[in-house]
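# Fold and geometry: a report
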Amino acid sequence: MSELSHPVIDLLVRQFPGVDFAPAPLLAKKNKSDEQMCVRVGPDRLLDVMTFLREDDSCCFEQLCDLTCVDYLNFPKARDRYGVVYSLLSLTKGHRLWVKCFVNDPSPEVPSVFGIWKGANWMEREVWDMFGVRFAGHPDLRRILTWEAFEAHPLRKDYPLQGRGERENFETITRESA
Amino acid sequence: MTTEVEESVSTPLEAGPATYAPEEPGGDVWVLNLGPQHPATHTTLRHVLELDGEHVLSCTVHIGYLHSGFEKLGEHLNYNQYVVVTDRMNYVSPMANNICWHHACEKLFDIEITPRCKAIRTIIAELARIQDHLLCVGAAGLDLGGFTAFMYPFNAREDIYDLFEEICGARFTTSYTRVGGLMQDITADWHRKVKSYCTDVLPRVIDDFEKLLTRNRIFVERTKGVGYISHDDAINWGMTGPLARASGVRRDLRKDEPYLCYEDDWDGKGTSAVDFKVPISRLGDCYARYQVRLAEIAESIRIILQLVNDIPAGPINVLPDDKMALPGKDEVYFSIEGLIHHFEQIMTNRGHQAPVGEAYGANETANGELGFYLASDGGNSPYRARCRPPSFINYQCFPELVVGHKISDVIAVLSSMNIIAAELDR
């Protein structure tokens, strides 16, 4: 492929020969240098790849800038359902890389990167809360924005915008019962 | 990487992590609930503190009290409608959110805005930064008992609200940007008002701060050495913005990934980027954060003064041909083409035809890197509108910052972080 202008992708391919990274820009642009490069990794090799990206002297991704998830339920040409998106940032090299890790129902799970970047702590909790993707090895995987008794994962595409009546049926504590 | 560093003027003080250890582990420990409704938390945050006497042994943060499903809403509103929701995220500086949202949209659509629009957006982005810092620096005084330091800058913030009201009609919920441009042009006299505000009012406010807080012994002793975070930890925890720069992290998106007028040749005529310095401190404590913010206000004034004298003439919106920007009201009301164009843009089954793909756009806002990760399936609203909220990511290391300190220091650390719960919980 000709558009592999990102400095890190060659290194990755050399380091992990068995992995199909499928490098591609997030979106094709008129100006090739504006493109934001993305690679994909399966959950089995995720930690190895992330550790390499953090530690290698040419990669130097010291910061996990963002961690989120996209539910590709009805997305055109999508094969997998949940794409956990890691946005990595190198402050010394000044480059960014997006890493996607796809998982599927019934029990979507990826390894936690909290051991590599502490900043993953709340972001992984948010993805668990909103999408129901579990992070194996996370020290404290509780819901963060909704409450513990809440059962749904509201940012999934099959969750309705109006909710499922949680607000109307919210348990109220009366003075007598308290 | 052209970050110029301005060393903090304060004398270095031995800042480091607090090292309190209880004499009898597991002894007389009690639990205190701070928040969710407490004057010093400013908004709805809840901390559960484990205390040994006055010393904090552990802190658990509970958030989510203001969760409003903004990201879910983003999947059901189109690219122009969602700007209204971004006002409600960091309501202290709504203009910065507006600009960042449409910066991300324009990355997705791959369009370049006009030079006039860039200059105006840069000016209001800097005004929003000043607006945010004035509140945060003032609140840092308020929480430590100095009410004067909170009220003085509020007069100056009021003037910024007046300036915003003049260009968009709203004071708090501005919603000023649109895809490919702005809601409307600035008024004829606006730039002169901004200039006189920056030359006459703001320097006096900074002077006030210098007198009220910078060498105020109570303030300095309550903030120096408190809430320390090291350079490497700040990066590892994902910190950005003034919090990271107070720990010596040389990172400012305006310099490192320039956009708007922070970029060379922004008007296509070879004009160089605006000239400013990025204030950095190495102390990493609450006082350093105060200093960095105060120095950033001065730099923002410099940026505004460079631009405000000659805002380029020309249209504020991109050309109507590619159906990105809404036509002006005079076209809509007085020409059939404008009317059709307007309807094409706002009808629910038309609107913006976004390319299928994903894009991330980020701006340096007052609290740090505010970014939007947009996924589009080709419809006229995003498939996924992820907001990277600086408050949320900065705030997660809060327990690390307060453990070992006294309970009154918790308040000092909290106000130095400038957490806006509406952005935290979205």
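Nothing here was measured: the structure is a model prediction, and the numbers come from that model.

Moving on, we come to the overall build of chain A. Per the secondary structure count, chain A includes 3 helices and 7 strands. Taken from N to C terminus, the helices and strands of chain A fall in the order α-β-β-α-β-β-β-β-α-β. For the C-alpha atoms alone, the extent of chain A along its principal axes is close to 70 × 35 × 30 Å. Counting only residues that meet the buried cut, chain A has 38% of its 178 residues in that class. Counting only contacts in chain A whose residues sit at least 6 apart along the sequence, the fraction spanning at least 24 positions is 51%.

This part covers the overall build of chain B. On a plain count of helices and strands, chain B comes out with 17 helices and 10 strands. For chain B, the C-alpha radius of gyration of 22 Å lies close to 22 Å, the compact-globule estimate for 426 residues. Considered along the principal axes of its C-alpha atoms, chain B spans approximately 80 × 45 × 35 Å. Evaluated residue by residue, chain B yields a buried proportion of 52% over its 426 residues. Of all intrachain contacts in chain B linking residues separated by at least 6 positions in sequence, the fraction that spans at least 24 positions is 70%.

So, about the confidence of the model for chain B. All names here are of chain B. Scored by pLDDT, chain B has a mean of 85; 93% of the residues are at 70 or more. Every residue in residues 1-13 is under pLDDT 50, and counting partners more than four places away or in other chains gives 26 contacts. Prediction confidence for the complex, expressed as pTM and ipTM, is 0.88 and 0.88 respectively.

Turning our eyes to something else, we now look at the sheet that holds strand β5 (residues 96-103) of chain A. All names here are of chain A. Within the open sheet, the 5 strands sit side by side as β1-β2-β5-β4-β3. Their pairing is mixed. Across the chains shown, the open sheet's two edge strands, defined by having one partner strand only, are β1 (24-25) and β3 (63-71). Taken strand by strand, helix α3 (residues 120-131) contacts β3 and β4 (82-89), and its axis lies near 5° from that of β3.

Below, the discussion takes up the interface of chain A and chain B. If you look at the interface, chain A gives 29 residues, while chain B gives 36 residues. Of the residues forming the side of chain A that touches chain B, the biggest block, 6 residues, is contributed by β3 of chain A. Taken together, the residues of the side of chain A that touches chain B break down into 16 nonpolar, 8 polar and 5 charged.

All names here are of chain B. At their nearest, the axes of helix α4 (residues 115-143) and helix α16 (residues 407-417) sit 8 Å apart, and the two run at 170° to each other. One element, α4, and the other, α16, form an angle in the roughly antiparallel class. On the side of α4, the interface is formed by Ala139, Ala140 and Asp143, while α16 contributes Ile411, Ala412, Ser415 and Ser416. Among the residues making up the contact of α4 with α16, the classes are represented as 4 nonpolar, 2 polar and 1 charged.

For the rest of this paragraph, the subject is unusual backbone geometry. Peptide bonds are trans in most cases, and residues, glycine excluded, mostly fall at negative phi. For the peptide bond that leads from aspartate 105 of chain A to proline 106 of chain A, omega is 5°, which places it in the cis range. Counting through the fold element by element, proline 106 of chain A comes out in the loop between β5 and β6 (109-111). Residue asparagine 418 of chain B is not a glycine yet carries a positive backbone phi of 55°. Judged by the 28 C-beta atoms lying within 10 Å of it, asparagine 418 of chain B falls in the buried class.

Attention shifts here to the packing of helix α5 (residues 147-168) of chain B against helix α6 (residues 190-214) of chain B. Residue and element names in this part refer to chain B. It is at 10 Å that the axes of α5 and α6 come closest, and there the two elements cross at 170°. In this view, α5 runs roughly antiparallel relative to α6, as classed from their interaxial angle. Along the contact surface, α5 presents Thr148, Ala149, Tyr152, Pro153, Ala156, Asp159, Leu163, Glu166 and Ile167, while α6 presents Trp190, Lys193, Val194, Tyr197, Val201, Leu202, Val205, Asp208, Phe209, Leu212 and Leu213. Along the lines of polarity and charge, the residues of the contact of α5 with α6 split into 15 nonpolar, 1 polar and 4 charged.

On to the sheet that holds strand β8 (residues 357-365) of chain B, then. Residues and elements named next belong to chain B. With antiparallel pairing, the 3 strands of this open sheet are ordered in space as β8-β9-β10. Only two strands of the sheet have a single partner each, and these edge strands are β8 and β10 (384-388). Taking the axes of each pair of neighbouring strands and ignoring which way they run, one obtains an average angle of 15° across the sheet. Sitting on the sheet, helix α3 (residues 94-109) is in contact with β8 and β9 (368-376), with an inclination near 150° to β8.

Residue and element names in this part refer to chain B. Relative to the 32 Å expected for 22 residues at 1.5 Å per residue, α5 spans 31 Å between its end C-alpha atoms, a close match to the ideal helical length. Its axis deflected by about 30° at asparagine 155, α5 carries its strongest bend there. Within the sequence span of α5, burial applies to Ala149, Pro153, Ala156, Ile160, Leu163, Phe164, Ile167 and Cys168. Each element contacted by the buried residues of α5 is listed here: α3, α4 and α6. Remark: glycine 169 follows α5 within two positions and exhibits a positive phi of approximately 85°.

All names here are of chain B. Its location among the elements puts valine 220 in helix α7 (residues 217-223). For valine 220, a count of 16 C-beta atoms within 10 Å translates into the label partly exposed. In sequence terms valine 220 and tyrosine 287 are 67 residues apart; their C-alpha atoms lie 6.8 Å from each other.

Take the pairing of β9 of chain B next. Consecutive side chains along a regular strand alternate between the two faces of the sheet. All names here are of chain B. Of all 9 residues in β9, 9 are buried; the element is thus mostly enclosed. Linking β8 back to β9 in an antiparallel pair, the connection comprises 2 residues. In the sheet, β9 pairs with β10 via 5 bridges, with the strands oriented antiparallel. Bridged to phenylalanine 372 within β10 is cysteine 387.

All names here are of chain B. Relative to the helices and strands, alanine 412 is located in helix α16. For alanine 412, a count of 23 C-beta atoms within 10 Å gives the class buried. When the C-alpha atoms of alanine 412 and tyrosine 287 are compared, they prove to be 9.6 Å apart, with 125 residues separating the residues in sequence. Excluding anything up to four places from it in sequence, alanine 412 contacts Asp143, Leu144, Arg222, Thr223, Val226, Gly227 and Cys286.

Reading the values: rules and limits
Residues numbered from 1 in each chain as written. Chains lettered and ligands numbered in written order. Predicted model: local features only at pLDDT ≥ 70, side-chain atom pairs only at ≥ 80, totals over all residues. Helix = DSSP H or I, 4+ residues; strand = E, 2+ residues; numbered from the N terminus. Buried ≥ 20, exposed ≤ 12 C-beta atoms within 10 Å, placed from the backbone. Contact = placed C-beta atoms within 7 Å. Rg over C-alpha atoms; globule rule 2.2 N^0.38 Å. pLDDT = per-residue confidence, 0-100. Pairing = 2+ DSSP bridges. Axes fitted to C-alpha atoms, helices over the stretch in contact; angles between N-to-C directions. Nonpolar A, V, L, I, M, F, W, Y, C, P; charged D, E, K, R; others polar. Parallel < 35°, antiparallel > 145°, perpendicular 65-115°, else oblique. Expected span 1.5 Å × (residues − 1). Bend = angle between axes of the 7 residues up to and from the residue.

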